[in-house]
Amino acid sequence: MARKDDSLLKNLQKEHIEGRLCLVTGATSGIGKATAIGLLELGAQVVITARDIARGQATQREIQMKSGRSRVELYELDLASQDSIRKFIKDFKKRHKGLDVLINNAGVFHPERAESADGVEATFAVNHLGPFLLTESLLDVLKKNAPSRIINVASALHYQAKTDFLSGGPALDRKENYSGFQAYNDSKLCNVIYTMDLLRKLQSQNISVYAFHPGVVDTGLVREYPGFVKFAWSMLSKSAKKAAIPLVELASLPDPGPSGTYFHGKKRKKPLAVANDATSADRLRQISEELLS
Ligand SMILES: NC(=O)c1ccc[n+]([C@@H]2O[C@H](COP(=O)([O-])OP(=O)(O)OC[C@H]3O[C@@H](n4cnc5c(N)ncnc54)[C@H](OP(=O)(O)O)[C@@H]3O)[C@@H](O)[C@H]2O)c1
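Cut-offs and rules
Here the residue index of a chain counts from 1 through its sequence in written order. Residue-level local features of this predicted model are given only where pLDDT is at least 70; pairs of side-chain atoms are given and counted only at 80 or more, and the full residue set underlies all totals for whole chains, interfaces and linings. To get the side-chain values, all heavy atoms of the structure are used, and hydrogens and water are removed first. Cavity and pocket criteria rest on a 1 Å grid covering protein atoms alone: a 1.4 Å probe that fits but cannot get out defines a cavity, protein on both sides within 12 Å along at least 5 of 7 lines defines an open pocket, and an atom within 4 Å of a point defines a lining residue. Grid points are joined across faces, edges and corners, and a volume is the space filled by probe spheres set on the points. Numbered from the N terminus, helices here are DSSP runs of H or I no shorter than four residues, and strands are runs of E no shorter than two. Under the convention adopted here, Pro, Cys and the residues Ala, Val, Leu, Ile, Met, Phe, Trp and Tyr are nonpolar, Asp, Glu, Lys and Arg are charged, and Gly plus all remaining residues are polar. Whether a residue is near a molecule or strand depends on its heavy atoms: it is near if one of them lies within 4 Å of it. Contacts described as polar in this section are N or O atom pairs within 3.5 Å, which, within protein, must combine one atom able to donate a hydrogen with one able to accept it, while residues neighboring in sequence count only if both atoms come from side chains. We get accessible surface area from the Shrake-Rupley algorithm with a probe of 1.4 Å; when it comes to residues, only the shown protein chains can shield them. Throughout, a molecule is located in a cavity or pocket provided that more than half of its atoms lie within 2 Å of its grid points. Contacts were defined at the residue level, with two residues in contact if any of their heavy atoms lie within 4.5 Å. Two rings from Phe, Tyr or Trp (for Trp, the six-membered ring) form a pair when their centres are within 6.5 Å of each other. A pair whose planes differ by under 30 degrees is stacked, one over 60 is edge-to-face, and the rest are tilted. Each axis is a line fitted through C-alpha atoms, and for a helix only the stretch in contact is used; angles between axes span 0 to 180 degrees, taken between their N-to-C directions. Should an angle lie under 35 degrees it is considered roughly parallel, over 145 roughly antiparallel, and from 65 to 115 roughly perpendicular; all remaining angles are considered oblique. By salt bridge we mean one thing: a side-chain nitrogen of Lys or Arg within 4 Å of a carboxyl oxygen of Asp or Glu. The rule is simple: take the accessible area with a 1.4 Å probe, protein chains only, and divide by the maximum for that residue type; under 20% is buried, over 50% is exposed, in between is partly exposed. To estimate the expected span of a helix, count its residues, drop one, and scale the result by 1.5 Å.

Q: Teacher, can you tell me more about empty space enclosed by the protein here?
A: If you roll a probe as big as a water molecule over the atoms, it shows you where there is empty space left. Taken as a whole and assessed by the stated rule, the structure comprises 3 cavities of 30 Å³ or more. Of the pockets and cavities examined, the largest cavity occupies roughly 70 Å³. Along its surface, the largest cavity is lined by Asn104, Asn105, Ala106, Asn127, His128, Pro131, Phe132, Asn152, Val153, Lys188, Asn191 and Tyr194. No other element matches the 4 residues that helix H4 (residues 122–144) contributes to the lining of the largest cavity. When its residues are assigned to classes, the lining of the largest cavity shows 5 nonpolar, 6 polar and 1 charged.

Q: Is there a simple way to explain the site of the ligand in this structure?
A: Inspection of the region around the ligand gives 32 residues, with Thr28, Ser29, Arg51, Tyr184 and Thr219 positioned closest. Here an oxygen atom of the ligand sits 2.7 Å away from a polar atom, N or O, in the main chain of Asn105. Between Thr219 and the ligand, the recorded distance is 2.6 Å, taken from a side-chain N or O atom to an oxygen atom. Taken by itself the ligand offers 890 Å² of open surface, and the protein chains cover 98% of this. A majority-of-atoms criterion places the ligand in the largest pocket.

Q: Can you walk me through the environment of Tyr159 in this structure?
A: Its location among the elements puts Tyr159 in the loop between strand S5 (148–153) and helix H5 (170–173). Separated by 44 residues in the primary sequence, Tyr159 and Glu115 place their C-alpha atoms 25 Å from one another. In contact with Tyr159, not counting residues within four places along its chain, are Tyr262, Lys269, Lys270, Pro271 and Leu272.

Q: Can you help me understand the environment of Leu236 in this one?
A: If you trace the backbone, Leu236 turns up in helix H7 (residues 227–236). Between the C-alpha atom of Leu236 and that of Thr28, which follows or precedes it by 208 residues, the distance is 23 Å.

Q: What is the right way to look at the packing of aromatic side chains in this model?
A: Scanning the model with the defined rule gives 11 aromatic pairs in all. Put simply, the rings of Phe109, Phe181, Tyr184, Tyr225 and Trp233 touch in pairs and so form one group of aromatic residues.

Q: Even after reading the chapter, I still don't get the packing of H4 against helix H9 (residues 278–291), so can you show me in this structure?
A: The angle between the axes and the distance between the axes are what describe a pair of packed helices. Contact pair H4 / H9: the axes reach a minimum separation of 11 Å and the direction vectors enclose 85 degrees. Of the possible angle classes, the one that applies to H4 and H9 is roughly perpendicular. For the pair H4 and H9, the contacting residues are Phe124, His128, Leu129, Phe132 and Glu136 in the first and Leu284, Arg285, Ile287, Ser288, Glu289 and Leu291 in the second. When the residues that make up the contact of H4 with H9 are grouped by side-chain class, the tally is 6 nonpolar, 2 polar and 3 charged.

Q: Where do I start with the pattern of salt bridges in this structure?
A: Opposite charge on two side chains makes pairing possible when the charged atoms of those side chains draw close. If you walk through the whole model with that rule in mind, you get 15 salt bridges. Across the pair Asp91 and Lys87 runs a salt bridge whose closest N-O atoms are separated by 2.7 Å. Remark: Lys87 and Asp91 occur in helix H3 (residues 82–95); sequence separation between them is 4 residues, near one turn of the helix. Overall, Asp91 belongs to the partly exposed group, its relative accessible area being 24%. With a relative accessible area of 52%, Lys87 lands in the exposed category. One network of salt bridges, with partners in common, ties together Glu136, Asp197, Lys201, Arg285 and Glu289.

Q: I'm lost on H9 in this one. Help?
A: Because the α-helix completes a turn every 3.6 residues, residues three or four places apart line up on one side. For H9, built from 14 residues, the straight-helix expectation of 20 Å at 1.5 Å per residue is met to within 8% by its first-to-last C-alpha distance of 20 Å. Elements that come into contact with the buried residues of H9 comprise H4, H5 and helix H6 (180–201).

What is shown is where atoms sit, not what they do.
This is the structure in structure tokens:
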């Protein structure tokens, strides 16, 4: 059972989040797992997803034990497969008519080029295209429970992004001169561009949207990189539990800040200027829709 006096969340208000339904993707590890625990501790009802159901079940038990709460549901979801996303949506909507908070947290940082089940470069597929399909498909249930909230876990590495991938084709496929860092940075810029796109589209719907950078965090994100990268990352980083606090706040506070804010931890920051450019958002939406089969 969780020792409540240990909880870093003890000062957060429970009133607004208690009993509300929060969906956290990528909760089998790192920031997602810590966030799910935090939300449960505050009395939320939490849905977690996992691409490997056995690992998901182990996580579900761990989360229940650490939070001392049982209200956590598990679904299978592989963001690298559009079929899996569509199946998840169907299963989720069979049980739930509404959703209060969607946290698009799952993400990858591949050093080597890979492809999704649908033949899309994997970093773009998992970090942007999958969450795009997921979010667009959940807008009806988010509207049902409005005021509701979407939080996209982005990264400060989006400041290092280039925008050539918005021209599509080879720049998006990255078959030549693949760089894991560039693919990741660009995908994280997509998270911020898409957040601002949603802001424009959902203005009258009472669904708030936020982009969030958790800081450098000691998680499994760089697990595929050589030892020295993992070592340097861990030296610079904070724990997932600490990084999750502002994310849990963002999900649970009655008014965390204006919709469309990019948060670096608890601080409001200006994202890269292109994130506010409607033409780039339209282009990203067009590319994304064309890649959905
Ligand atoms: N760590 C940092 O320093 C840092 C900094 C800035 C932003 N972020 C962002 O924070 C988010 C969480 O990352 P993390 O640091 O907590 O990393 P992590 O420990 O590697 O967790 C990533 C989560 O995403 C899931 N995931 C990976 N591929 C997936 C797929 N195809 N379908 C569904 N889920 C998938 C993983 O599931 P499996 O367990 O099945 O692999 C895992 O639960 C990411 O969006 C990342 O970009 C992290």
